[in-house]
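Each chain, letter by letter, is given below.
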Amino acid sequence: MDDERRFQEALRSLRVWDTELPAFDPADVPEEPVALFRAWFTDAVEAKAVEPHTMTLATADADGRPDLRTVMLHGADARGWHFASHAGSAKGRQLAARPEAALGFYWPVRGRAVRVRGTVVTGTPEEAYADLHHRTAGALASALVGRQSEPLGSLDELAEASAAAWDRALREPEAHAESWTLYVVEPAEVEFFQGDAQRRHVRLRYRRDPAGGWERELLWP
């Protein structure tokens, strides 16, 4: 009971957006969502948001059951939102079977969130190689370990594999993890949420139209 009481006290003690929130005028936005996302992302970085490039990736398995995890954003451009992983990982297998996903960003320091939904396509092997080698030696070592999402026998087994991968990454900085794959979420919908202290939150949704352009609409909070 003591743990339950402490949990409930901790939960009730929390407050949302204990900071001054920016204004957001949905009448003055770009015609397409990537430009607004980039502006909000840059603003979050300048506001010293913690790890603003982390995002929640939601997929579905072969039975249609939802799944999610936290991954890192590797880019956002006219093609869509980029991330990378091993093709044989749980998310890689799910995306191969059902190439659709949703992304979620949340920057509490600005009271802002962004949601992206769309089809997922894979980049070329050359793009995957370039993506991995634009990152740190630690990222390369982690990729070289591989076996993501497989059962692990012990932490000692992980330590041994990681040490070998670090050694190779430092000796062979051009080494490549063949299963490393670049994924791009091609957006069909992108929603921008701006929190408001009076709970008059602003929600703006971009929706892809049949001609390939974008329609914009406001949503009730």
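Refer to the structure printed above.
About the thresholds
- Residues numbered from 1 in each chain as written.
- Predicted model: local features only at pLDDT ≥ 70, side-chain atom pairs only at ≥ 80, totals over all residues.
- Heavy atoms only, no water.
- Salt bridge = Lys/Arg side-chain N within 4 Å of Asp/Glu carboxyl O.
- Helix = DSSP H or I, 4+ residues; strand = E, 2+ residues; numbered from the N terminus.
- Buried < 20%, exposed > 50% of the residue type's maximum accessible area, 1.4 Å probe, protein only.
- Phe/Tyr/Trp six-rings, centres within 6.5 Å; stacked < 30°, edge-to-face > 60°.
- Polar contact = N/O pair within 3.5 Å; in protein donor to acceptor, adjacent residues only side chain to side chain.
- Contact = heavy atoms within 4.5 Å.
- Axes fitted to C-alpha atoms, helices over the stretch in contact; angles between N-to-C directions.
- Parallel < 35°, antiparallel > 145°, perpendicular 65-115°, else oblique.
- Left-handed = near helix turned anticlockwise from the far one by under 90°.
- Nonpolar A, V, L, I, M, F, W, Y, C, P; charged D, E, K, R; others polar.

### A closer look at the pattern of salt bridges
Turning to step 1, where the next piece is worked out: Here the structure, examined in full by the defined rule, presents 17 salt bridges.
Turning to step 2, where the next piece is worked out: Between Arg-205 and Glu-217 there is a salt bridge, with its nearest N and O atoms 2.6 Å apart. In this pair, Arg-205 is assigned in strand 8 (residues 202–208) and Glu-217 in strand 9 (residues 214–219), connecting sequence segments 12 residues apart.
Turning to step 3, where the next piece is worked out: Residue Glu-217 is classed as partly exposed on the basis of its relative accessible area of 28%.

### Focus: the packing of aromatic side chains
Turning to step 1, where the next piece is worked out: The tally for this structure, following the rule as stated, stands at 12 aromatic pairs.
Turning to step 2, where the next piece is worked out: Between Phe-37 and Trp-107 the ring centres are 6.0 Å apart and the planes differ by 45 degrees, which places this aromatic pair in the tilted class. With Phe-37 in helix 2 (residues 33–46) and Trp-107 in strand 5 (residues 100–107), this residue pair connects regions lying 70 residues apart in the sequence.
Turning to step 3, where the next piece is worked out: Since its relative accessible area comes to 1%, Trp-107 is described here as buried.
Turning to step 4, where the next piece is worked out: Ring centres 5.3 Å apart and planes at 20 degrees place the aromatic pair Phe-83 and Tyr-183 in the stacked group.

### Thoughts on the side chain of Glu-191
Turning to step 1, where the next piece is worked out: Within the fold, Glu-191 resides in strand 7 (residues 180–194).
Turning to step 2, where the next piece is worked out: Within polar-contact distance, the side chain of Glu-191 engages the side chain of Arg-115 at 2.7 Å.
Turning to step 3, where the next piece is worked out: Polar contacts involving the side chain of Glu-191 include one to the side chain of Arg-203, which spans 2.7 Å.
Turning to step 4, where the next piece is worked out: Discounting chain neighbours no more than four positions away, the residues touching Glu-191 are Ala-113, Val-114, Arg-115, Arg-203, Leu-204, Arg-205 and Leu-219.

### Considerations on helix 3 (residues 90–97)
Turning to step 1, where the next piece is worked out: Looking at helix 3, one finds that the buried residues are Ala-90, Lys-91, Gly-92, Gln-94 and Leu-95.
Turning to step 2, where the next piece is worked out: Lining the buried residues of helix 3 we find strand 1 (54–60), strand 2 (66–72), strand 4 (81–86), strand 5, strand 6 (112–122) and strand 7.

### Observations regarding unusual backbone geometry
Turning to step 1, where the next piece is worked out: Phi angles above zero are rare outside glycine, and Ser-149 is one such case at about 80 degrees.
Turning to step 2, where the next piece is worked out: Residue position: Ser-149 is located in the loop between helix 5 (137–145) and helix 6 (155–171).
Turning to step 3, where the next piece is worked out: For Ser-149, a relative accessible area of 49% gives the class partly exposed.

### Describing the packing of helix 5 against helix 6
Turning to step 1, where the next piece is worked out: Relative orientation of the contacting elements helix 5 and helix 6 amounts to 125 degrees, with a least axis distance of 8 Å. The angle between helix 5 and helix 6 places the two elements in the oblique class. Crossing of helix 5 against helix 6: the hand is right-handed. Residues Ala-137, Gly-138, Leu-140, Ala-141, Leu-144 and Val-145 of helix 5 form the contact with helix 6, whose own contacting residues are Ala-161, Ser-162, Ala-165, Trp-166, Arg-168, Ala-169 and Leu-170.
Turning to step 2, where the next piece is worked out: Here the contact of helix 5 with helix 6 is built from residues that sort into 10 nonpolar, 2 polar and 1 charged.

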